[in-house]
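Listed here are the chains, written in short residue letters.
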Amino acid sequence: MTTQAFTEEQKNYLDGFTMGAGLSEAMQMLPTFAQALNLPETPRPRDAGEPQGLADANRLAQDRFLAAGKKLSLEEQAKRKANGLDIWDQVMDHARDGRFPKGTDIFMFKFQGMFYVAPAQDSFMCRLRIPGGIMSSSQLRGVAQLAEDFGGGYTDVTTRANLQIRQIGARHTVDVLMGLNDVGIIPRGSGADNIRNVTASPTAGIDLRELIDTRPLARQMHHYILHHREMYGLPRKFNIAFDGGGAISALEDTNDIGFAAVLVDEGKSVEAGVYFRVQLGGITGHKDFARDTGLLLKAEQCIPFAAAAVKVFIEHGDRTDRRKARLKYLLDKWGLDKFVQEVEKGLPFKLARLPLSACEPRPIINRMAHLGFHAQKQPNLYYVGVVLPVGRMRSAQMRGLADIADRYGSGTIRLTVWQNLLISDIPPEKVGAVKLELRQLGLHWAATSVRAGLVACTGNAGCKYAAANTKAHATEIADYLDSRIKLDQPINIHLTGCHNSCAQHYIGDIGLIGAKVNYGDEVFEGYHMFVGGGYGPHQDIAREMYRDVRAIDLPELVERMLRAFLENRLAAEETFREFIKRYTTDELKDLFDKQEIAVAA
Ligand code: SF4
């Protein structure tokens, strides 16, 4: 098919992009990249001179390791040869030829948000960037269309309140990237050694109890990253989160930098008001929460602080050993005080300090608030948290959700780190209609099922590191338990496929990490199980309960555990984590073994 310049009709459709109207139709009118290849070729300028690697600060940091006679890791060597932000021509060439990248190019493509995920799937996954997880209905429709035209027709909500489009063919990377840019989504740096999607409280600005609206901070941080080249090509990946003290936790204590809003009362060494405490070095896959620095920042100081902290990490983070390159390891080596002193040198203001104990306790986290209908701080308006089993949405569901947001709300969609989404600004008289339309999409809002607390990483259906099919096993557990056991409080079950722990198994009530399990002469997909994890005010790293459980045995085992909990808890208010803490591991095993369960017919 030959495609010439856009017709008037097409131009009018394109105008709809910026208006957010008729977007999916507009996308269908656009030529794909492959189709556009039939246009007369326009010569593209090539970069002149030497290949340009990392921006200065990162390159100077590498120079210091080399001067000390150290060997850079393979990824650092690749970053030294070329800057992943500048490989657009290479991405275009691969798309034109229908080629997948090889070797370290696979790593470099992640700077553009494109992950070649073979052998799990012989295709690309595109990870987006959605600051604070907040997007418009028109953006959701646009992503739905891209997933349908160029991917597998679905997206996954991630544990960073983000979206992934999967099963993108080799010819369509450019189509997806251009389409995302058209709807205002810029995925640069969503993978590789870059700052990942900036997260924030999903109920920011509508939360009855929040201390501060974190939306502006998430957006400012996002744009700071996009417009500063030195924020790319760090020693390793980096996570930043803002928690406004509302009903739903942003899990900021699992981030490299977590900003947590607090209230300081009269009579302290700083003026009374709302501040952000700074926590550093969270990486729960390595069993570490972020550490409180004792610092108090005003909202307007957060972005400069984050930028200065990233710069210290750029300068001093390890470039030789990938296993020791995260911020946690620099903090372990230096201690918090030295790191903070280095950050302070790069700031135009003095840092205020106050012990955590001198601040007011964080407003209570409501573990049910990410699901079901809840009142907003705006009178007569509600938001609904929609269950997305293991985070997956078909394109038709995405369009349906966008329509609900437009028809009954303000057209705003809020993704959460719990792999579900919220639709806000619904008047009470529209609640019935929203429920009806959600049901018609095959979705639900109920907060009391096992399904409501399930978190699963991609697993071996789409990630080469996984030892098990996490999403499928999570669904099997939920299907089995939902008809057999009724819970009156949320139980978080986190399934992660490997030690990267994208689903943060150490902070789940029940955490599972994929493993190959030898059983008789056969090898089965299975898990090691951990119990009693928590986050925020209930921070706890889960302890190992069982090793080498076959996936097929999991649903029944989890049923025994939940029945034992319901039978033996001290009161209805006792949480699963508190129950676990009262027993030794052997005592728990006894309790679980004693549970008799009816075998399904
Ligand atoms: Fe892949 Fe491991 Fe992350 Fe799961 S935890 S998505 S298996 S890297």
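All values derive from a computational prediction rather than experimental measurement. (Residues numbered from 1 in each chain as written. Predicted model: local features only at pLDDT ≥ 70, side-chain atom pairs only at ≥ 80, totals over all residues. Heavy atoms only, no water.)

Glancing now at the site of the ligand. Looking at the ligand, the residues that line it are C457, T458, C463, Y465, A466, T496, G497, C498, N500, S501 and C502. The residue inventory of the shell around the ligand, partitioned by class, reads six nonpolar, five polar and no charged. (Near = heavy atom within 4 Å. Nonpolar A, V, L, I, M, F, W, Y, C, P; charged D, E, K, R; others polar.)

Okay, unusual backbone geometry next. Note the cis peptide between A118 and P119, where omega equals 5°. With respect to the element layout, P119 can be found in the loop between β1 (114-116) and β2 (124-127). The backbone phi angle of A192 is positive, close to 60°, even though this residue is not glycine. Within the fold, A192 resides in the loop between α9 (173-182) and β6 (199-200). (Helix = DSSP H or I, 4+ residues; strand = E, 2+ residues; numbered from the N terminus.)

Sheet strands line up and pair through hydrogen bonds in the backbone, either parallel or antiparallel. An order of β1-β2-β5-β4-β14 is seen for the five strands of this open sheet, with the pairing classed as antiparallel. Both outer strands of the open sheet, β1 and β14 (392-394), are each paired with one neighbouring strand and no more. Between one strand and the next, the sheet's axes are offset by a mean angle of 25°, whatever the strand orientation. In terms of strand pairing, β1 meets β2 through three bridges, oriented antiparallel. Bridged to F115 within β2 is M125. Along the sheet, helix α8 (residues 137-150) makes contact with β4 (154-157), β5 (163-168) and β14, crossing β5 at roughly 20°. Against the sheet, helix α14 (residues 395-408) engages β4 and β14, with an angle of about 85° to β14. (Pairing = 2+ DSSP bridges. Axes fitted to C-alpha atoms, helices over the stretch in contact; angles between N-to-C directions. Contact = heavy atoms within 4.5 Å.)

Counting residues in each nonpolar core, the largest one holds 119 residues, and the members touching the most others are L163, F242, F259, F305 and F339. No other element matches helix α11 (residues 302-316), which puts 11 residues into this core. Among residues more than four places away in sequence, those in contact with F242 are V198, T199, A200, S201, T214, L217, A218, M221, A250, F259, C302 and I303. (Core = buried A, V, L, I, M, F, W, Y, C linked by side-chain atoms within 4.5 Å. Buried < 20%, exposed > 50% of the residue type's maximum accessible area, 1.4 Å probe, protein only.)

This part covers the pattern of salt bridges. Considering all chains together, one arrives at 41 salt bridges under this definition. The residue D488 makes a salt bridge to R569 at a minimum N-O spacing of 2.8 Å. Here R569 lies in the loop between α17 (554-568) and α18 (576-581) and D488 lies in the loop between α16 (470-482) and β18 (493-496), a separation of 81 residues in the sequence. Where E559 meets R563, a salt bridge forms, and the shortest distance between an N and an O atom there is 2.9 Å. Taken together, the residues span about one helical turn, with E559 and R563 both in helix α17 at a distance of four residues. When salt bridges that share partners are traced, they join E75, E76, K79, D193, R319 and R322 into one network. (Salt bridge = Lys/Arg side-chain N within 4 Å of Asp/Glu carboxyl O.)

Moving on, we come to empty space enclosed by the protein. Scanning all chains against the criterion turns up three cavities of 30 Å³ or more. Approximately 80 Å³ is the volume found for the largest cavity. The residue inventory of the lining of the largest cavity, partitioned by class, reads seven nonpolar, five polar and one charged. By volume, the second largest cavity amounts to about 60 Å³. In terms of lining residues, the second largest cavity is bounded by H370, L371, V387, L388, P389, V390, W418, Q419, N420, R451, A452 and L454. The residue inventory of the lining of the second largest cavity, partitioned by class, reads eight nonpolar, three polar and one charged. (1 Å grid on protein atoms, 1.4 Å probe; cavity = no way out; pocket = protein on both sides within 12 Å on 5 of 7 lines; lining within 4 Å. Points joined across faces, edges and corners; volume = space filled by probe spheres on them.)

Moving on, we get to a negative patch on the surface. Where like charges cluster on the molecular surface, the negative patch consists of D265, E266, E271 and E360. Along the chain, the position of E266 falls in the loop between β8 (257-264) and β9 (273-280). E266 sits in the exposed class, given a relative accessible area of 64%. (Patch = residues over 30% accessible without salt bridge, like charges linked within 9 Å, V, L, I, M, F, W, Y side chains within 5 Å. Areas by Shrake-Rupley, 256 points an atom, 1.4 Å probe, with all protein chains shown as cover. Lys, Arg positive; Asp, Glu negative; His and termini not counted. Charge placed at Lys NZ, Arg CZ, Asp CG, Glu CD.)

For the rest of this paragraph, the subject is the pairing of strand β13 (residues 382-386). For β13, the tally of buried residues reaches four of five residues, placing the bulk of the element in the interior. Inspection of the sheet shows strand β12 (residues 372-375) paired to β13 by four bridges, in the antiparallel sense. The residue of β13 that forms the bridge with H374 is Y383. What sits between the antiparallel neighbours β12 and β13 is a turn of six residues, in which N380 has the positive phi angle 65°.

Right, let's talk about the sheet that holds strand β11 (residues 352-353) for a bit. Across the sheet, which stays open at both edges, the six strands sit in the order β6-β7-β8-β9-β10-β11 with mixed pairing between neighbours. The open sheet has two edge strands, β6 and β11, and neither has a second partner. Bridge count between β8 and β9: eight bridges; the pairing is antiparallel. Paired with F259 across the strands is V278, a residue of β9. Each of β6, β7 (240-243) and β9 is contacted by helix α10 (residues 215-226), which is oriented at about 165° to β7, the strand it contacts most.

For R326, the location among the structural elements is in the loop between α11 and α12 (327-334). Residue R326 is classed as buried on the basis of its relative accessible area of 10%. R326 sits 159 residues away from I485 along the chain, and the two C-alpha atoms are 41 Å apart. Those residues in contact with R326, other than ones at most four positions away along the chain, are R236, K237, N239, D256, G282, I283 and F313.

Let us now look at the environment of V558. Relative to the helices and strands, V558 is located in helix α17. For the pair V558 and L481, spaced 77 residues apart in the sequence, the C-alpha separation amounts to 8.3 Å. Once residues within four sequence positions are removed from consideration, V558 is found in contact with L481, I493, I510 and M529.

Considering every residue of the protein chain, the mean pLDDT works out to 91; 91% of them sit at 70 or more. For residues 1-5, every residue scores under 50 in pLDDT, and the model assigns this stretch eight contacts once sequence neighbours within four places are set aside. Predicted confidence is poor over residues 45-51, with pLDDT under 50, and the contacts of this stretch with residues over four places away or in other chains come to five contacts. (pLDDT = per-residue confidence, 0-100.)

This part covers the packing of α14 against helix α15 (residues 431-440). Interaxial distance between α14 and α15 falls to 10 Å at its minimum, and their mutual angle equals 170°. Taken together, α14 and α15 sit at an angle that is classed as roughly antiparallel. Contacts from L401, I404, R407 and Y408 in α14 reach A433, V434, E437 and L438 in α15. Among the residues making up the contact of α14 with α15, the classes are represented as six nonpolar, no polar and two charged. (Parallel < 35°, antiparallel > 145°, perpendicular 65-115°, else oblique.)

Looking now at the packing of aromatic side chains. Under the definition given, this model contains 17 aromatic pairs. Ring plane angle 10° and centroid distance 4.4 Å describe the contact between F100 and Y116, whose orientation is recorded as stacked. Taken as a pair, F100 in the loop between α6 (88-97) and α7 (104-109) and Y116 in strand β1 lie far apart in primary sequence, 16 residues in all. Ring plane angle 50° and centroid distance 5.3 Å describe the contact between F100 and F124, whose orientation is recorded as tilted. In this pair, F100 sits in the loop between α6 and α7 while F124 sits in strand β2, placing the two residues 24 residues apart along the sequence. Clustering of aromatic rings is evident, with ring pairs tying together F100, F109, Y116 and F124. (Phe/Tyr/Trp six-rings, centres within 6.5 Å; stacked < 30°, edge-to-face > 60°.)

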